[in-house]
Amino acid sequence: MAQVLHENTQRIIEVTADDLPLHCPMPNMIAWDSHPRVYLPIEVKGEALCPYCGTMYVLKGGAGGHGH
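Below is a short write-up of the structure. Bear in mind the structure is a predicted one, so any value in this text is a computation, not a measurement.

Turning next to the environment of T16. By secondary structure assignment, the location of T16 is in the loop between β1 (12-15) and β2 (23-24). Judged by its relative accessible area of 31%, T16 is partly exposed. In contact with T16, other than residues within four places in its own chain, are L59 and K60.

Below, the discussion takes up the nonpolar core. Formed by 13 residues in total, the largest nonpolar core has its most connected members in V15, L22, L40, I42 and Y57. For this core, the elements supplying multiple residues, two or more each, are β1 and β5 (56-59).

This part takes up the side chain of H35. By the element assignment, H35 lies in the loop between β2 and β3 (38-39). Contact partners of H35, with chain neighbours within four places excluded, come to C24, P25, C50, Y52 and C53.

On to the environment of L49. Structurally, the position occupied by L49 is in strand β4 (residues 47-49). Considering only alpha carbons, one finds L49 and I12, 37 residues apart in sequence, at a separation of 9.2 Å. Ignoring anything within four residues of it in the chain, the contact list for L49 reads L40, G54, T55 and M56.

Here three strands make up an open sheet; going across it, the order is β1-β5-β4 and the pairing mixed. Where the open sheet ends on each side, the last strands, each with one partner, are β1 and β4. Neighbour-to-neighbour, the strand axes of the sheet open up by a mean angle of 20°, direction not taken into account. Bridge analysis of β4 against β5 gives three bridges, and the strand direction is antiparallel. When the sheet's bridge partners are listed, L49 is paired in β5 with M56.

Reading the values: the criteria
Residues numbered from 1 in each chain as written. Predicted model: local features only at pLDDT ≥ 70, side-chain atom pairs only at ≥ 80, totals over all residues. Heavy atoms only, no water. Helix = DSSP H or I, 4+ residues; strand = E, 2+ residues; numbered from the N terminus. Buried < 20%, exposed > 50% of the residue type's maximum accessible area, 1.4 Å probe, protein only. Contact = heavy atoms within 4.5 Å. Core = buried A, V, L, I, M, F, W, Y, C linked by side-chain atoms within 4.5 Å. Pairing = 2+ DSSP bridges. Axes fitted to C-alpha atoms, helices over the stretch in contact; angles between N-to-C directions.

Interpretation note: all reported values are geometric properties and have no functional meaning in isolation.
Below, the structure written as structure tokens:
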């Protein structure tokens, strides 16, 4: 499957358990080096906000990687 590159302007990104451990910026972002890499603890609440760029990541299936 071809890798899809995303601009760093998308403010809400849905991720899956395959993307863990989650860090921003993600490797599939066009400007992957736009700020220092920061690891985000998305597993706890099912969402995480990047302190550098303000991108909100939402874990598909919610906290723990499964639905309620």
